[in-house]
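Structure assessment
So the chains spell out like this:
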Amino acid sequence: SRALTCAMGQLRGLRTLDMRVTTQSRSAGLIAERLTQHPVVSGVLYPGLANHSGHEIAARQMKGGFGGMLSIRLMNRAAAIAVAANVQVWRRATSFGGIESLIEHRASIEGEGSPCPDDLLRLSVGLEDPEDLYRDLIQAFRILS
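Okay, so let's go over this structure.

All right, on to the overall build of the chain then. When you go through the chain residue by residue, the secondary structure sums to six helices and five strands. Its helices and strands taken in sequence order, the chain reads α-α-β-α-β-α-β-β-α-β-α from the N to the C terminus. Seen through its C-alpha atoms, the chain measures out along the principal axes to roughly 55 × 35 × 35 Å. Considering the chain as a whole, with its 145 residues, one finds that 36% of them fall into the buried category. Look at the contacts in the chain between residues 6 or more apart in sequence, and 67% of them connect residues 24 or more apart. Per element, the accessible surface of the chain, about 8,500 Å² overall, is 55% carbon and sulfur. The positive charge centre, built from 16 side chains, and the negative charge centre, built from 14, are 6 Å apart in the chain.

Written out as structure tokens, the structure reads:
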């Protein structure tokens, strides 16, 4: 039956969930660390970074890693929108938790009155090679110089 086929597909996905989440978390951490050193990035929000305001709590609660989501802040709204528009590996989309890496300018999605800072990009790290993802952001940053 159709319901049984759907349930079996979900079970198949659960078998690799731990491996996927671990990989995404590790990649997000690597990217976050490297982006803290980049001159166009004014801030990196990731609980795995020691300087994150919630790092101590996250370290106690998040035993399997710090997750695949991070946010970066750039110099202004125009810079954030330009970077999101010029990535090639990251996909522009509003979602998280999938296997592909996504980028979004959240303030644009939410519209006027959004509490999200205008200079913030939200990144959902997928299963692509973290070096490819980092290099893609770096090439997109070049339009800011």
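Past the structure itself, the notes keep going.
Here we take up the nonpolar core. Counting residues in hydrophobic clusters, the biggest one holds 28 residues, and the most contacted among them are Leu 35, Leu 70, Ile 72, Leu 74 and Phe 141. Of all the secondary-structure elements, those providing two or more residues to this core are helix 2 (17–35), strand 2 (69–73), helix 4 (77–86), strand 5 (120–124) and helix 6 (130–141). In terms of residues, this core owes the most to one element, helix 6, which gives six residues. Excluding anything up to four places from it in sequence, Leu 74 contacts Val 40, Val 41, Ser 42, Ala 79, Ala 80, Val 83, Asp 119, Leu 121 and Phe 141.

This paragraph deals with the packing of aromatic side chains. Here the structure, examined in full by the defined rule, presents one aromatic pair. Consider the rings of Tyr 46 and Phe 66, whose centres lie 6.4 Å apart with planes at 70°: the pair is edge-to-face. One end of the pair, Tyr 46, is in the loop between strand 1 (43–45) and helix 3 (55–61); the other, Phe 66, is in the loop between helix 3 and strand 2, with 20 residues separating them in the sequence. Exposure remark for Tyr 46: the relative accessible area of 2% places this residue in the buried category.

Here we take up the pairing of strand 2. Relative to strand 2, strand 1 is paired through three bridges, and the arrangement is antiparallel. Bridging across to strand 2, Val 44 finds its partner in Ile 72. Taken together, the five bridges between strand 2 and strand 5 define a ladder with antiparallel strand orientation. Paired with Arg 73 across the two strands is Leu 120, which belongs to strand 5.

Here the focus is the sheet that holds strand 4 (residues 102–104). With mixed pairing, five strands are arranged side by side in an open sheet as 1-2-5-4-3. With partners counted over all chains shown, the strands left at the sheet margins are strand 1 and strand 3 (91–92), one partner each. Helix-sheet contacts for helix 2 involve strand 1 and strand 2, and the interaxial angle to strand 2 is about 15°.

Each regular strand displays side chains that alternate between the two surfaces of the sheet. Most of strand 5 sits out of view: four of its five residues are buried. As defined by bridge partners, strand 4 adjoins strand 5 across three bridges and the pair is classed as antiparallel. Pairing of Leu 102 across the sheet is with Ser 124, part of strand 5.

For the rest of this paragraph, the subject is the packing of helix 2 against helix 6. Between helix 2 and helix 6, whose axes approach to 9 Å, the crossing angle comes to 35°. The way helix 2 lies across helix 6 gives a crossing that is right-handed. Contacts between helix 2 and helix 6 involve Ser 27, Leu 30, Ile 31, Arg 34 and Leu 35 on the former and, on the latter, Pro 130, Glu 131, Leu 133, Tyr 134, Leu 137 and Phe 141. Per-class residue counts for the contact of helix 2 with helix 6 are eight nonpolar, one polar and two charged.

Reading the values: the criteria
Residues numbered from 1 in each chain as written. Predicted model: local features only at pLDDT ≥ 70, side-chain atom pairs only at ≥ 80, totals over all residues. Heavy atoms only, no water. Helix = DSSP H or I, 4+ residues; strand = E, 2+ residues; numbered from the N terminus. Buried < 20%, exposed > 50% of the residue type's maximum accessible area, 1.4 Å probe, protein only. Contact = heavy atoms within 4.5 Å. Areas by Shrake-Rupley, 256 points an atom, 1.4 Å probe, with all protein chains shown as cover. Lys, Arg positive; Asp, Glu negative; His and termini not counted. Charge placed at Lys NZ, Arg CZ, Asp CG, Glu CD. Core = buried A, V, L, I, M, F, W, Y, C linked by side-chain atoms within 4.5 Å. Phe/Tyr/Trp six-rings, centres within 6.5 Å; stacked < 30°, edge-to-face > 60°. Pairing = 2+ DSSP bridges. Axes fitted to C-alpha atoms, helices over the stretch in contact; angles between N-to-C directions. Left-handed = near helix turned anticlockwise from the far one by under 90°. Nonpolar A, V, L, I, M, F, W, Y, C, P; charged D, E, K, R; others polar.

As far as function goes, none of this settles anything; it's purely spatial.
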